[in-house]
2 protein chains.
Amino acid sequence: MSDSSNRAHGYAVRRVLPDAPFLIAATGGPGRGEYPTHRPVWFMRQAGRSLPEYRDIRADIGMLESCFRPELVCEITMQPVRRHKVDAAILFSDIVVPLKAAGVDLDIVAGRGPVVANPVRSAADVAALPRLEEDEVGAVADAIKLLVSELGTTPLIGFAGAPFTLASYLVEGGPSRSHAFTKALMHSQPDVWNALLGKLTDIAITFLRTQINAGVDAVQLFDSWAGALSLAEYTKYVLPHSTRIFDEVAAAGVPRIHFGLGTGELLSAMNDAGPDVMGVDFRIPLDEAVRRIGPGKVVQGNLDPAILFSDWATIEREVRRIAREGDAAIAAGATGHIFNLGHGVLPETDPTVITRVVELIHTL
Amino acid sequence: MSDSSNRAHGYAVRRVLPDAPFLIAATGGPGRGEYPTHRPVWFMRQAGRSLPEYRDIRADIGMLESCFRPELVCEITMQPVRRHKVDAAILFSDIVVPLKAAGVDLDIVAGRGPVVANPVRSAADVAALPRLEEDEVGAVADAIKLLVSELGTTPLIGFAGAPFTLASYLVEGGPSRSHAFTKALMHSQPDVWNALLGKLTDIAITFLRTQINAGVDAVQLFDSWAGALSLAEYTKYVLPHSTRIFDEVAAAGVPRIHFGLGTGELLSAMNDAGPDVMGVDFRIPLDEAVRRIGPGKVVQGNLDPAILFSDWATIEREVRRIAREGDAAIAAGATGHIFNLGHGVLPETDPTVITRVVELIHTL
């Protein structure tokens, strides 16, 4: 394994988008909280079921299958950019795509989520877990190459699932509220746990490097379920692995974002993993987040996606509140604010409301 | 509506259990952190699917039906007391029982949870919501009377669902992760919201008074989903209603416990509602909880139920850690510690492990 100062393979030369508000904010420039044109905004799950054009195009195609068709990934990723005029695209994919690509027997079941045929709960299970080769996610790289030319000056965000969240799917065999078998493995067999997270860390690094080499302009590491852990558990059993991911992709020079749901207690520790931008759950005001993580980072978030189900007066009031708290975060030492939701777009969201919210944010 | 200084109906004379460790701890006596015999323990969801004798007795009986059969409620409530020797029984019931009793068309669907036939989303829906009369939950009162004689010197805890959590089921029509329609109603139509929570508060008060009059020795108010709210939302839209519940049952003189999942950000506000005992989610160390809520309250919790899936060495280490943190909470100003889980017993838990955990806690 190469380290970041002496890596076996460097990163491809990338396009430069000096005027993209998202990238300017994500890199904390040109100045704290200065937005050359407007405050940038994108939404987690902006590509997906809230859009009728997405439901049409996915009507006869399974979720995982769709993630391995470059033209389809490109089209779905473009849909919210065309419709909402957001300031960044996020690659249409799923956090289990690299596991599937590596050969793990799993599927995404509608209404349930990822289901793993053979849960991973022993040293032998971990040893049998395949590694990911870059060419196994070649379809994702091809999709990114299509997107870079299609997007023009709109940046593209790549992403990967963080080791804890991937581990939970593998250990539980599917989505879980309690993460009971995952936590039991962590505590009872820490060597097996660390071997598992080590392999998932390698997979995430390979997946992110593939995306970066193919041309994404930023990456986000989703530790969706980290909020199920206590701070002590996160710090001991998860943080070292997530830190290695941020370290290993640092040399690429693209902004690195980190996010997890319900992570108010973990924000400082997750920030210690080394991202450039901290995504903040809707429960924690952005300026309070800065008090927890300290100054010098960009914050991203954090309108509650449920607010989009309210009347427009409420939505406008809440959007303005988030913008104010973003400004307060910058006053408290953050180097920028990227507007986003505090979790993903809910499938039942009215897409015309999302478009209107983008227009409003661009005036704030 | 009567207030607590001039209520229309008083409470029945109740039994006195001067030596019950649970009640001694719950009332902060005889001295801070002094346990005459042992540190008391009970578990949320101790009566339920983790017990084979429960699965047997419920095999052919629906969940809601079982909650209205006094002999069955008595037997199910007794099962974990007999088996585990816990220091308190908790009434076998469900938070939607008073809604069902009042005439709301709902059912508890296996594998899904409560499903409401006609979601409540308008002023007319709220106006049509029935009130609860004490005789409509007479079966619950009868079960409590049976239990008081059956339990001997073991205290019985009654409970009710808090208005926000009940409202979420009614507004969403069933369990929800996003609580989107609930939050939309709260923000968009605050008058309708407050009318709804007012009625649910009345129902909770009637249900708790019925239980107290029938003989429960303590009550717990479950705001299971409050952790989905920001502190600002909780304080503005929920706290006044939960406060009224604690106020209205204060005169009964039984310990009043409050608990919600994922409520680290809300602990201080939930404590402002006025309970005697604060239940603490597994994510927040008990001594940290005291720093958030201030001194003078009893803390209850907070072993992660997932830990019970670990090997015994891990379980013992974690149980001892919780006891130490309970002691640290008392050193920080709490007036007692009641051992519990930081959420309910998971259905797949090995009941022999639970029994062994009780034995261990009684030595600590």
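The model shown is predicted, which means the values in this text are computed figures rather than measured ones.

(A) Up close: the overall build of chain A. Secondary structure assignment for chain A yields 16 helices and nine strands. Taken over the C-alpha trace, chain A has a radius of gyration of 19 Å; the compact-globule value for 364 residues is 21 Å, and the two agree within 12%. Reported as C-alpha extents along the three principal axes, the dimensions of chain A are approximately 55 × 45 × 45 Å. Here chain A, with 364 residues, has 65% of them falling under the buried criterion. Looking at chain A alone, contacts between residues at least 24 apart form 75% of all its contacts between residues at least 6 apart. If you sum the accessible surface of chain A, you get close to 12800 Å²; carbon and sulfur atoms cover 52% of it. The average position of the 34 basic charges and that of the 43 acidic charges among the side chains of chain A differ by 3 Å.

(B) Geometry of the layout of surface pockets. Taken as a whole, the second largest pocket encloses approximately 410 Å³ of empty space. Along the walls of the second largest pocket sit 23 residues, with R321 of chain A together with S230, L231, A232 and E233 of chain B positioned nearest its centre. Taken together, the residues of the lining of the second largest pocket sort by class into nine nonpolar, three polar and eleven charged.

(C) Focus on the packing of aromatic side chains. Residues and elements named next belong to chain A. Applying the stated criterion across every chain yields a total of ten aromatic pairs over all chains. Measuring from ring centre to ring centre gives 5.4 Å for F159 and F222, while their planes differ by 80°; the resulting arrangement is edge-to-face. Of the two residues, F159 is situated in strand 4 (residues 156-161) and F222 in strand 5 (residues 218-222); the sequence distance between them amounts to 63 residues. For the pair shown, F159 and F222 are each scored as buried. An aromatic cluster of three or more residues is present, and its members are F159, F222 and F259. Sitting over the ring of W312, R356 keeps its end group 3.9 Å from the ring centre.

(D) Molecular detail of the environment of D350 of chain A. All names here are of chain A. Structurally, the position occupied by D350 is in the loop between strand 9 (336-341) and helix 16 (351-361). For the pair D350 and D327, spaced 23 residues apart in sequence, the C-alpha separation works out to 28 Å. There is a polar contact of 2.8 Å between the side chain of D350 and the side chain of T352.

(E) Just the nonpolar core, in detail. Residues and elements named next belong to chain A. F22 and L196 are the most contacted members of the largest nonpolar core, which has 131 residues in total. Among the elements that take part in this core, helix 10 (residues 190-214) stands out by supplying twelve residues, more than any other. Excluding residues within four positions of it along the chain, F22 makes contact with P40, W42, D87, A88, P155, I157, A218, I257, Q300 and I338.

(F) How the structure looks around the sheet that holds strand 8 (residues 298-303) of chain A. All names here are of chain A. As summarised here, the arrangement of the seven strands in space is 1-4-5-6-7-8-9, forming an open sheet in which the pairing is parallel. Taken across any chain shown, the strands that pair with only one partner, and hence form the sheet edges, are strand 1 (89-90) and strand 9. With six bridges joining them, strand 8 and strand 9 adopt parallel strand pairing. The residue bridging N302 from the neighbouring strand is N340, located in strand 9. Docked against the sheet, helix 14 (residues 286-293) engages strand 7 (277-279), strand 8 and strand 9, running at close to 140° with respect to strand 8. Against the sheet, helix 15 (residues 312-331) contacts strand 8 and strand 9, and its axis sits at roughly 150° relative to strand 9.

(G) Up close: the UniProt feature "binding site: substrate" (unreviewed entry) in chain A. All names here are of chain A. Mapped onto this numbering, the UniProt entry gives "binding site: substrate" (unreviewed entry) at R45, Q46, A47, G48, R49, D94, Y169, S224 and H343. Judged by maximum C-alpha separation, these annotated positions cover 299 residues in sequence and are scattered in space, the widest gap reaching 23.0 Å. By the secondary structure assignment, R45 is in the loop between helix 1 (21-26) and helix 2 (52-57). Setting aside anything within four residues of it in sequence, one finds R45 in contact with G344 and V345. Note on placement: G48 falls in the loop between helix 1 and helix 2.

(H) Molecular detail of the confidence of the model for chain A. All names here are of chain A. Considering every residue of chain A, the mean pLDDT works out to 94; 96% of them sit at 70 or more. Below a pLDDT of 50 lies the segment residues 1-9, which in the model reaches 16 contacts outside its immediate sequence neighbourhood of four places, other chains included. The ipTM value of the predicted complex is 0.91, and its pTM value is 0.93.

(I) Just the interface of chain B and chain A, in detail. Taken together, the 32 residues of chain B in the interface contact 32 residues of chain A. A buried area of about 2400 Å², summed over both sides, lies between chain B and chain A, and 52% of it is on carbon and sulfur atoms. Of all residues in chain B, R177, E265 and R283 of chain B bury the most surface against chain A, accounting for 23% of the area lost on that side. Run the count over chain B and chain A and you get four salt bridges. Linking R292 of chain A and E265 of chain B is a salt bridge whose minimum nitrogen-to-oxygen distance equals 2.8 Å. Here chain B is connected to chain A by ten residue pairs in polar contact (both at pLDDT 80 or more). Listed by contribution, the elements that provide at least two residues to the side of chain B that touches chain A are helix 9 (180-188), helix 11 (231-237) and helix 15 (312-331) of chain B. Looking at the side of chain B that touches chain A element by element, the count peaks at six residues for helix 9 of chain B. Class assignment of the residues belonging to the side of chain B that touches chain A gives a composition of 13 nonpolar, nine polar and ten charged.

(J) Quick peek at the relation of the copies chain B and chain A. Taken as rigid bodies, chain B and chain A are interconverted by a rotation of 180° and an axial shift of 0.0 Å, the fit giving an RMSD of 0.0 Å. Seen this way, the second copy is the image of the first under a two-fold rotation axis. Interface residue correspondence from chain B to chain A reaches 100%, placing this contact among same-surface, isologous pairings.

(K) How the structure looks around the sheet that holds strand 5 (residues 218-222) of chain B. Residue and element names in this part refer to chain B. Strand order across the open sheet formed by seven strands is 1-4-5-6-7-8-9, with parallel pairing between neighbours. The open sheet has two edge strands, strand 1 (89-90) and strand 9 (336-341), and neither has a second partner. Where strand 7 (residues 277-279) lies against strand 8 (residues 298-303), three bridges are found, and the strand directions are parallel. Residue pairing in the sheet places V277 in a bridge with V298 of strand 8.

(L) Representation of the packing of helix 10 (residues 190-214) of chain B against helix 12 (residues 239-249) of chain B. Residues and elements named next belong to chain B. Two elements in contact, helix 10 and helix 12, have axes whose closest approach is 9 Å; the angle formed by their N-to-C orientations is 25°. With respect to helix 12, the axis of helix 10 lies roughly parallel. Seen from above, helix 10 lies across helix 12 with right-handed handedness. Note on element contacts: helix 12 touches helix 10 through H241, R244, I245, E248 and V249, opposite N194, L197, G198, T201, D202, A204, I205, L208, R209 and I212.

Reading the values: rules and limits
- Residues numbered from 1 in each chain as written.
- Chains lettered and ligands numbered in written order.
- Predicted model: local features only at pLDDT ≥ 70, side-chain atom pairs only at ≥ 80, totals over all residues.
- Heavy atoms only, no water.
- Helix = DSSP H or I, 4+ residues; strand = E, 2+ residues; numbered from the N terminus.
- Rg over C-alpha atoms; globule rule 2.2 N^0.38 Å.
- Buried < 20%, exposed > 50% of the residue type's maximum accessible area, 1.4 Å probe, protein only.
- Contact = heavy atoms within 4.5 Å.
- Areas by Shrake-Rupley, 256 points an atom, 1.4 Å probe, with all protein chains shown as cover.
- Lys, Arg positive; Asp, Glu negative; His and termini not counted.
- Charge placed at Lys NZ, Arg CZ, Asp CG, Glu CD.
- 1 Å grid on protein atoms, 1.4 Å probe; cavity = no way out; pocket = protein on both sides within 12 Å on 5 of 7 lines; lining within 4 Å.
- Points joined across faces, edges and corners; volume = space filled by probe spheres on them.
- Nonpolar A, V, L, I, M, F, W, Y, C, P; charged D, E, K, R; others polar.
- Phe/Tyr/Trp six-rings, centres within 6.5 Å; stacked < 30°, edge-to-face > 60°.
- Lys NZ or Arg CZ within 6 Å of the ring centre and 35° of its normal.
- Polar contact = N/O pair within 3.5 Å; in protein donor to acceptor, adjacent residues only side chain to side chain.
- Core = buried A, V, L, I, M, F, W, Y, C linked by side-chain atoms within 4.5 Å.
- Pairing = 2+ DSSP bridges.
- Axes fitted to C-alpha atoms, helices over the stretch in contact; angles between N-to-C directions.
- UniProt positions renumbered as here; feature names shortened; annotations may be inferred.
- pLDDT = per-residue confidence, 0-100.
- Buried area = accessible area lost by both parts, 1.4 Å probe.
- Salt bridge = Lys/Arg side-chain N within 4 Å of Asp/Glu carboxyl O.
- Least-squares fit on C-alpha atoms with pLDDT ≥ 70 in both.
- Parallel < 35°, antiparallel > 145°, perpendicular 65-115°, else oblique.
- Left-handed = near helix turned anticlockwise from the far one by under 90°.

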